[in-house]
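Examining the three-dimensional arrangement
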Amino acid sequence: MDIIPLSELLLNLSSQLRCHFQWSLVPELEIQRKEETFSIFQALLLHRRFIGLFCSSSSLSLLCLIKSSHVFEVFSAVTKSEKRHALVKKSWCIEISKVMMASSKNTPPVNNRTRISITIVTGLCCFFYLLGAWQRNGLGKGGGVITLEAVTKPAQCTNTTDIVTNLDFEPHHKTIKIPQRANPKPIMFKPCDVKYKDYTPCHEQKRAMRFPRENMVYRERHCPPENEKLRCLIPAPKGYTTPFPWPKSRDYVHYANVPFKTLTVAKAGQNWVKFQGDVFKFPGGGTMFPQGADAYIETLAKVIPIKDGSVRTALDTGCGVASWGAYMLKKNVLTMSFAPRDVHEAQVQFALERGVPAIIGVLGSIRLPYPPRAFDMAQCSRCLIPWTSNEGMYLMEVDRVLRPGGYWVLSGPPINWKTYYKTWKRSKKELKAEQKRIEEIAESLCWEKKYEKGDIAIWRKKTNDRSCRMSSSSSSVKTCKGKDTDDVWNKTMEVCVTPFPKVSSDVEVMKFPERLFSVPPCVTKGLVEGVNVESYQEDNKLWKKRVSNYKRINRLIGSSRYRNVMDMNAGLGGFAAALESTESWVMNVVPTIAKNTLSVVFERGLIGIYHDWCEGFSTYPRTYDLIHANNVFSLYQNRCNVEDILLEMDRILRPEGTVLFRDEVDVLNDVRKIAKGMRWDTKLMDHEDGPLVPEKILVAVKQYWVAGDGGNVRNSTSTLSGEV
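In short, a report on the structure. (Residues numbered from 1 in each chain as written. Predicted model: local features only at pLDDT ≥ 70, side-chain atom pairs only at ≥ 80, totals over all residues. Heavy atoms only, no water.)

1. Considering the pairing of strand E13 (residues 564–567)
Side chains Asn 564 and Met 566 of E13 all project onto a buried face; the interleaved residues Val 565 and Asp 567 project onto the opposite face, where all are buried too. Pairing between E13 and strand E14 (residues 585–591): four bridges, direction parallel. Counted as the bridge partner of Asp 567 is Asn 588 from E14. The pairing of E13 with strand E16 (residues 624–630) spans three bridges and is classified as parallel. Bridge pairing in E16 places Asp 567 opposite His 628. (Buried < 20%, exposed > 50% of the residue type's maximum accessible area, 1.4 Å probe, protein only. Helix = DSSP H or I, 4+ residues; strand = E, 2+ residues; numbered from the N terminus. Pairing = 2+ DSSP bridges.)

2. Observations concerning the state of the cysteines
In this structure the tally under the stated criterion is five disulfides. Residue Cys 202 pairs covalently with Cys 223 via a disulfide, S to S 2.0 Å. Taking the sign of the S-S torsion, about 105° here, the bridge from Cys 202 to Cys 223 comes out right-handed. Of this pair, Cys 202 sits in the loop between helix H5 (148–151) and helix H6 (205–208) while Cys 223 sits in the loop between H6 and strand E3 (252–254), and the two are 21 residues apart along the sequence. The class of Cys 223 is partly exposed, set by a relative accessible area of 27%. (Disulfide = S-S within 2.5 Å.)

3. Some remarks on the side chain of Gln 349
You can see Gln 349 is positioned in helix H10 (residues 347–353). Leave out the neighbours within four places in its chain, and Gln 349 touches Asp 198, Asn 257, Val 258, Phe 260, Tyr 620, Pro 621 and Arg 622. (Contact = heavy atoms within 4.5 Å.)

4. With respect to helix H15 (residues 533–553)
Between its first and last C-alpha atoms H15 spans 31 Å; for 21 residues at 1.5 Å apiece the expected length is 30 Å, and the two agree. Restricting attention to buried positions, one finds in H15 the residues Tyr 536, Asp 539, Asn 540, Trp 543, Arg 546, Val 547, Asn 549 and Tyr 550. Looking at the buried side of H15, the elements it contacts are helix H14 (521–524), helix H16 (574–579), helix H17 (598–603), E16, strand E17 (653–664) and strand E19 (695–702). The distance from a side-chain oxygen at the start of H15 to the backbone nitrogen of Glu 534 is 3.2 Å, and the residue carrying that oxygen is Asn 532. (Expected span 1.5 Å × (residues − 1). Polar contact = N/O pair within 3.5 Å; in protein donor to acceptor, adjacent residues only side chain to side chain.)

5. As for unusual backbone geometry
Here the amide bond leading from Pro 413 into Pro 414 is cis, since omega sits at 5°, within 30 degrees of zero. Mapped onto the elements, Pro 414 comes out in the loop between strand E10 (402–411) and helix H12 (417–420). In this structure, the amide linkage connecting Phe 512 to the following residue, Pro 513, adopts the cis form with an omega of 15°. Along the chain, the position of Pro 513 falls in the loop between strand E12 (456–461) and H14. With a phi close to 55°, Lys 425 is a non-glycine residue in the positive phi region. On the accessibility criterion, Lys 425 (78% relative accessible area) is exposed.

6. Brief notes about the pattern of salt bridges
Using the criterion set out here, one finds 39 salt bridges in the structure. For Asp 487, the salt bridge is made with Lys 491, and the minimal N-O distance between the two is 3.4 Å. Classification of Asp 487 by relative accessible area gives partly exposed; the value is 39%. Residue Lys 491 is classed as partly exposed on the basis of its relative accessible area, which comes to 34%. The partner of Arg 662 in a salt bridge is Glu 695, with the nearest N and O atoms 3.2 Å apart. In this pair, Arg 662 sits in strand E17 while Glu 695 sits in strand E19, placing the two residues 33 residues apart along the sequence. Salt bridges linked by common partners bring Glu 226, Lys 229, Arg 231 and Asp 644 together as one network. (Salt bridge = Lys/Arg side-chain N within 4 Å of Asp/Glu carboxyl O.)

7. A short note on the sheet that holds E3
Strand order in the open sheet formed by three strands is E3-E5-E4, and the pairing between neighbours is antiparallel. Each of the sheet's edge strands pairs with one partner strand only, and the pair in question is E3 and strand E4 (274–276). Taking the axes of each pair of neighbouring strands and ignoring which way they run, one obtains an average angle of 30° across the sheet. Sheet analysis places E3 next to strand E5 (residues 279–281), joined by three bridges and oriented antiparallel. (Axes fitted to C-alpha atoms, helices over the stretch in contact; angles between N-to-C directions.)

8. Things to note about the sheet that holds strand E8 (residues 358–360)
Adjacent strands of a sheet pair through backbone hydrogen bonds, lying either parallel or antiparallel. Read from one edge to the other, the open sheet built from seven strands follows the order E8-E7-E6-E9-E10-E12-E11, with strand pairing classed as mixed. Strands with a single pairing partner mark the edges of an open sheet, and in this sheet they are E8 and strand E11 (447–453). Averaged over neighbouring strand pairs, the angle between their axes works out to 20° when direction is ignored. Pairing analysis gives five bridges linking E10 to E12, with the strands arranged antiparallel. By the bridge assignment, Val 409 is partnered in E12 with Ile 458.

These values are about where atoms sit, not about what they do.
Here it is, written out as structure tokens:
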């Protein structure tokens, strides 16, 4: 702080004051009101060459200002109240002497007038010291006290209420009861019964059987009502072990983590999975590529530009254990794999345990939870989806999520029906008619057949509205209409074609990795409300800074220790982009009540999904290593129970997994209180911009514990050090 000369300070203050003091030592000094008096005292006390003293109690007692170079000035103000007393520091006079002695060494010899002034000031100091001590002892409650009336002209004061009459500088914040928010009471959540170790709230078989089987409705999401929700902690199976690090996890999974051998028998001849000792081994095979996914992908790469970054996002419909998606990662292609929870028990759970993106899902009666034009390619490898049923509705849904210029691969029935009709136990006529119908639907969608050889057929979607000239077969196809084509959450699938975008060139997005930080077309065209080029670029800078701070908090972030990562409120995908690494992948979730930005995420070459966090997520327990929750609980305030969201997070988080919360401090305090009852260790940390920012970071680590006999648990010593 700059030191202002006393003379200048007094001159500046004198012009603002109204109530005049008639004391000869400071004739120009006036007082305006209480607030200004405080600021005057503080400013003067900061001056290095002056010693200020005011005694705080129920009244303003004294202020002394001393300038030791040439002029000594004293200002004294004493107010009258019912309980008048003064606190006068004995050290004040000592400090005055020090200043006087120090200043005398650096100033010319003083004259008699100066000595007289020093004598007067010293006398005043001693006088006020004794006066304060006398009043402090309670002996001075009567007359004889210098009052404000004795040194002022009351008639000149415009408002007597401006006089400070009741000052108290003692800290009282510790004694004031701070009003409490309606915080949830701390609850110690008990473990669920061991039978719920693989509980998937919105895909439970018992509830699913209540719904019709037509169009696979019973395999879709059916979440429990409020009174049927589990409010306990899903246990890990006995013997649960931390998954193998990537890339070893692609080929091996601990048996104790997913103790299901059904697929090893049902798919024994197709090289899906084998059981060896205490682990499952995944040779990389599939129904249509039993010799391994690598050779299959190489065949596709002869037609589809997989290797040069043109294809970055892919969709695998009916993925099995997601071996195709696992091996596409070698080409730097992110595949969103989905399969229902059906007789092929735990196939999606195997995929996630391997470190491969996957969700529980099905092509049924509800639209897929992705925006239009999301994927660069899609494939069905003997997925057994009835593509010709419902007037081609399922192919139309794939078309909706396929980017202009994207590819669709079909391997399996009815392709190469001449070879497999006996194996499939179907007639030649039926299979031939089915393939013909698929090709007719594809033509109506403006898909061009690029390849058919052996078991594989490949189509390519036209790039824009100009390149798609509707044929006679497509003239009867209905075009989807609606104000918001991105509004697909829980919306019924329709028999209609999503219109092509009107573009100025054939290429909409750049190749990966350039597209990760380049401005997405939907932003440049102004298709995302509230997002422009500048705000998008600022968001990138912000998340690079934040992720850098996260890595300082936890140096393992970005490594294979946290392979499966989820961002619960992804926004523009800035967190995932800043975290981009071959060691991990991020499921970018855009809440259905948040701004719809999922198209931005996909155009950056990332993957994500729509979801409502008031419901369970479409995954198995213990499938994510790291969860990022940015303002999720502020977003969902007064919409659903905070406990339910946290319990769902606990369900999908692996033992010893980590959660990074970012929210307002009062919200995080609520979260922290609940988390302590969930066997989580927590630590509250300041914002990267400093402690004065109200937004904070809460780091939580889930303790390791497993189900025992009768639902008992055993705790490990894994905690978050430095808990605050």
